[in-house]
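# Structural description and commentary
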Number of protein chains: 2
Amino acid sequence: MPDKKVIEDFFRSLQDTICTGLENADGKARFKEDLWIRPEGGGGRTRVIDNGAIFEKGGVNFSAVHGPCPEFLKKEAGIPLDEKIDFLATGVSLVIHPNHPFVPIIHMNVRYFEAGDMWWFGGGIDLTPHYINEEEAKFFHQHLKRVCDAHNSTYYPEFKKWADEYFFIKHRNETRGIGGIFFDRLSGNEQMTKQQRFDFVKSVGESFLKAYLPLVENNRDKPYNEDNRNWQLLRRGRYAEFNLVYDRGTKFGLFTNGRTESILMSLPPMAKWEYDNKPALNSLEIRTLQMLRKPSTWGI
Amino acid sequence: MPDKKVIEDFFRSLQDTICTGLENADGKARFKEDLWIRPEGGGGRTRVIDNGAIFEKGGVNFSAVHGPCPEFLKKEAGIPLDEKIDFLATGVSLVIHPNHPFVPIIHMNVRYFEAGDMWWFGGGIDLTPHYINEEEAKFFHQHLKRVCDAHNSTYYPEFKKWADEYFFIKHRNETRGIGGIFFDRLSGNEQMTKQQRFDFVKSVGESFLKAYLPLVENNRDKPYNEDNRNWQLLRRGRYAEFNLVYDRGTKFGLFTNGRTESILMSLPPMAKWEYDNKPALNSLEIRTLQMLRKPSTWGI
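Our subject in this report is the structure included herewith. (Residues numbered from 1 in each chain as written. Chains lettered and ligands numbered in written order. Predicted model: local features only at pLDDT ≥ 70, side-chain atom pairs only at ≥ 80, totals over all residues. Heavy atoms only, no water.)

## What about the overall build of chain A?
- A tally of helices and strands in chain A yields 10 helices and 10 strands.
- Radius of gyration (C-alpha) of chain A: 19 Å, near the 19 Å computed for a compact globule of 300 residues.
- Dimensions of chain A along its principal axes, counting C-alpha atoms only, are 60 × 40 × 35 Å.
- Per-residue burial over chain A gives 60% buried out of 300 residues.
- Long-range pairs, those at least 24 residues apart, make up 69% of the contacts in chain A with a sequence separation of at least 6. (Helix = DSSP H or I, 4+ residues; strand = E, 2+ residues; numbered from the N terminus. Rg over C-alpha atoms; globule rule 2.2 N^0.38 Å. Buried < 20%, exposed > 50% of the residue type's maximum accessible area, 1.4 Å probe, protein only. Contact = heavy atoms within 4.5 Å.)

Written out as structure tokens, the structure is:
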């Protein structure tokens, strides 16, 4: 059974691996690091990259916070409010906004929570292309399916559905992107031990670069025009809408006095809003919109 | 006692007056109008201006919606859920984002609600300069104080405080701008009749152009540089954060299936987010930030 030290160490080293991989892919920019300390216990390493050759803005954050379990977490976890108990929450969270309209935005999160005898893992990876390329969507989902299937054949179908439901911008009637996998509160049961849950979360984290870098390489040299850039900025507006209106992690962070700059590193470097923008008939833009309005199985 | 037809007609004609005044000030762009109908009763006129000589994007919306009172409004108004009752909500709401960093963003809302015997007015005006000019802040607040004082000497101090509390971005520990006045649920009491409340709301609406246009004229020809524009885009990011995370009208609209494009016309045409942006010591930017961290009386 992996103890919390092992899990925390894994997340810390995962942050290193991912940052190195992204820096190598970018070839120009480097992550800058901010260390921060939580007065009540623990802290984090926020790492941000900007103005890269391909990554316009992105963050890869590690944190491990602990101490007496605050009231809101007790409520969240169903722990009696008068119980004195310590908690640990640790994980890696990342969002990358590329400068190129044909390179998708990506988000990943892997995390672990424990308080007393309770523990669970959560996380996921999802992709937000400004322009949906069906071949690439299929590649991405097949990759995630393989990662999931190696651990449990129920994971992919269940977590894919969860992502489609979660990354939904209700007031736009659009999904944020093409989804991916999303899971939460994976604890132990008759089928799955803690080690098995941890092994799965490790695979998800370790699979990130293999899921994303091919999409960067496929697209980074494609020519694009001002209209493509404009559409990218409008889609980033939607990304900001999702994160600020719906995203549970963001709201949780903001409403519980989290470190605002680390939480909002997920927001795009630049975004646009046009009143009632309507892409032209048969345009690439309208095809993307149509796909965002109807979750797909991507032929899997 | 003004009936609902009179109030609705006033708001409709206020929209016309304000749009004409803003078009004349801009000198280049014109408002485009979208009429929309609410299936359950009523509708609105959304008017949007963009790419003007000075107004980069703005909306001045009128709506008057009515019909059987929906459940969420009954809860909001304290009406028993099993009571069959009709409601009317009507008003004007506007947000203007100028292209010039030294011309402030402005927001105004005036509205009326009734259901059965219940009725109230709400609204306010508040200013969000990208750069706070203390003389102009004072002018703006003095103007609002005069408008308020003509109706009730308690209005300005009370509604100014309300605005400072309401337009606060908690996770940034900043106010959105320099505030103004904010009021809600103004109904009848021993001191104030419905006519008197309506007269006050009329004055607020009619004072809008006189409060805002001098600030446009004072600043529109001032030279500015790329750094000023960059700061404007960062402040617009904060504006989007406030509107998407906290603004009650926005959330109410989005969560009750309002017309998304009309609600989100308030979002800026373009905005930026930089990780941990810190203005230079003694810069105009840091002076603005300092003032946003501490509500002022502006010498009034």
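## So, the sheet that holds strand S1 (residues 32–37) of chain A
Residue and element names in this part refer to chain A.
- Taken in spatial order, the 7 strands of this open sheet run S1-S2-S3-S4-S5-S6-S9, and their pairing is antiparallel. In this open sheet, the two strands that pair with only one neighbour each are S1 and strand S9 (179–186). When strand polarity is set aside, the average angle formed by the axes of neighbouring strands in this sheet is 5°.
- As judged from the 10 bridges shared by strand S4 (residues 86–98) and strand S5 (residues 105–115), these two strands associate in the antiparallel manner. (Pairing = 2+ DSSP bridges. Axes fitted to C-alpha atoms, helices over the stretch in contact; angles between N-to-C directions.)

## Some points on the packing of aromatic side chains
- Taken as a whole, this structure holds 50 aromatic pairs over all chains when the rule is applied.
- Ring geometry for Phe 121 of chain B and Phe 198 of chain B: centres 5.8 Å apart, planes at 15°, overall stacked. Of the two residues, Phe 121 of chain B sits in strand S6 (residues 118–128) while Phe 198 of chain B sits in helix H5 (residues 194–206), which places them 77 residues apart along the sequence.
- Since its relative accessible area comes to 2%, Phe 198 of chain B is described here as buried.
- Note on Phe 183 of chain B and Phe 200 of chain B: the rings are 5.1 Å apart at their centroids and 55° apart in plane angle, and the pair reads as tilted. You can see Phe 183 of chain B sitting in strand S9 (residues 179–186) and its partner Phe 200 of chain B sitting in helix H5, a full 17 residues away along the chain. Of the two residues, Phe 183 of chain B and Phe 200 of chain B, neither departs from the other in class, the shared state being buried.
- Here the aromatic cluster, defined as three or more aromatic residues joined through ring pairs, consists of Tyr 155, Phe 159, Trp 162, Tyr 166, Phe 167, Phe 182, Phe 183, Phe 200, Phe 242 and Tyr 246 of chain A together with Phe 255 of chain B.
- Lying over the aromatic face of Trp 120 of chain A, Arg 185 of chain A brings its terminal NZ or CZ to 4.1 Å of the ring centre. (Phe/Tyr/Trp six-rings, centres within 6.5 Å; stacked < 30°, edge-to-face > 60°. Lys NZ or Arg CZ within 6 Å of the ring centre and 35° of its normal.)

## A look at the sheet that holds strand S5 (residues 105–115) of chain B
Residues and elements named next belong to chain B.
- Within the open sheet, the 7 strands sit side by side as S1-S2-S3-S4-S5-S6-S9. Their pairing is antiparallel. Edge positions in the open sheet fall to strand S1 (32–37) and S9, since each of these has one partner strand only. Here the strands of the sheet are splayed against their neighbours by 5° on average, with no regard to which way each runs.
- With 6 bridges connecting them, S1 and strand S2 (residues 42–50) associate as antiparallel partners. In the strand pairing of S2, Ile 37 is matched with Gly 43.

## Overview of the relation of the copies chain A and chain B
- For these two chains of identical sequence, chain A goes onto chain B by a turn of 180° and a shift of 0.0 Å along the axis, with RMSD 0.0 Å. Expressed as an axis order, the relation between the two copies is that of a two-fold axis.
- Interface overlap between copies: 100% of the residues of chain A at the interface are likewise at the interface in chain B, consistent with a symmetric, same-surface contact. (Least-squares fit on C-alpha atoms with pLDDT ≥ 70 in both.)

## As for the pattern of salt bridges
- Tallied over the full model, the rule gives 55 salt bridges over all chains.
- A salt bridge links Arg 220 of chain B to Glu 217 of chain B, with the nearest nitrogen and oxygen atoms 3.2 Å apart. (Salt bridge = Lys/Arg side-chain N within 4 Å of Asp/Glu carboxyl O.)

## Focus: the interface of chain A and chain B
- Contact with chain A, which involves 32 residues of that partner, is made by 32 residues of chain B.
- Together, the buried faces of chain A and chain B total about 2800 Å²; carbon and sulfur atoms form 59% of this surface.
- Three residues, Glu 261, Trp 273 and Tyr 275 of chain A, lead the burial of chain A against chain B; their summed loss comes to 28% of the area buried on that side.
- Counting across the chain A and chain B interface gives 2 salt bridges.
- Across the contact surface, chain A and chain B share 14 residue pairs in polar contact (both at pLDDT 80 or more).
- Those elements that provide at least two residues to the side of chain A that touches chain B are strand S2 (42–50), helix H7 (226–245), helix H8 (248–255), helix H9 (260–263) and strand S10 (270–272) of chain A.
- Considering every element that reaches the side of chain A that touches chain B, the biggest residue donor is H7 of chain A, with 4 residues.
- Among the residues forming the side of chain A that touches chain B, the class breakdown is 16 nonpolar, 5 polar and 11 charged. (Buried area = accessible area lost by both parts, 1.4 Å probe. Polar contact = N/O pair within 3.5 Å; in protein donor to acceptor, adjacent residues only side chain to side chain. Nonpolar A, V, L, I, M, F, W, Y, C, P; charged D, E, K, R; others polar.)

## Comments concerning empty space enclosed by the protein
- Under the definition given, this model contains 4 cavities of 30 Å³ or more.
- One number sums up the size of the largest cavity: a volume of about 160 Å³.
- Along the wall of the largest cavity there are 15 residues; nearest its centre are Arg 172, Arg 238, Glu 274 and Asn 277 of chain A together with Glu 261 of chain B.
- No other element matches the 4 residues that H7 of chain A contributes to the lining of the largest cavity. (1 Å grid on protein atoms, 1.4 Å probe; cavity = no way out; pocket = protein on both sides within 12 Å on 5 of 7 lines; lining within 4 Å. Points joined across faces, edges and corners; volume = space filled by probe spheres on them.)

## Observations regarding the pairing of strand S4 (residues 86–98) of chain B
Residue and element names in this part refer to chain B.
- Taken across its 13 residues, S4 has 10 buried, putting it largely inside the fold.
- As paired strands, strand S3 (residues 55–68) and S4 are joined by 13 bridges and run antiparallel to one another. Looking across to S4, one finds that Gly 67 is bridged to Phe 87.
- A loop of 6 residues connects S4 with S5, the two strands running antiparallel in sequence.

## Considering the side chain of Lys 160 of chain A
- Locating Lys 160 of chain A in the fold gives a position in helix H4 (residues 155–166).
- A distance of 2.6 Å separates a polar atom in the side chain of Lys 160 of chain A from the backbone oxygen of Ser 296 of chain A.

## Thoughts on the packing of helix H1 (residues 4–26) of chain B against H5 of chain B
Residue and element names in this part refer to chain B.
- At a minimum axis separation of 11 Å, H1 and H5 run at an interaxial angle of 10°. As far as their axial angle goes, H5 and H1 are roughly parallel. The residues of H5 that touch H1, namely those facing Val 6, Ile 7, Phe 10, Phe 11, Leu 14 and Ile 18, are Lys 194, Phe 198, Val 201, Lys 202, Gly 205 and Glu 206.
- Partitioning the contact of H1 with H5 into residue classes produces 8 nonpolar, 1 polar and 3 charged. (Parallel < 35°, antiparallel > 145°, perpendicular 65-115°, else oblique.)

## So, the packing of helix H3 (residues 134–149) of chain B against helix H4 (residues 155–166) of chain B
All names here are of chain B.
- Taken N-terminus to C-terminus, the directions of H3 and H4 make an angle of 130°; their axes are 8 Å apart at the nearest point. Considering their axes alone, H3 and H4 lie oblique with respect to each other. Along its contact with H3, which presents His 141, Leu 144, Lys 145, Cys 148 and Asp 149, the element H4 presents Tyr 155, Tyr 156 and Lys 160.
- In terms of residue class, the contact of H3 with H4 is made up of 4 nonpolar, 1 polar and 3 charged.

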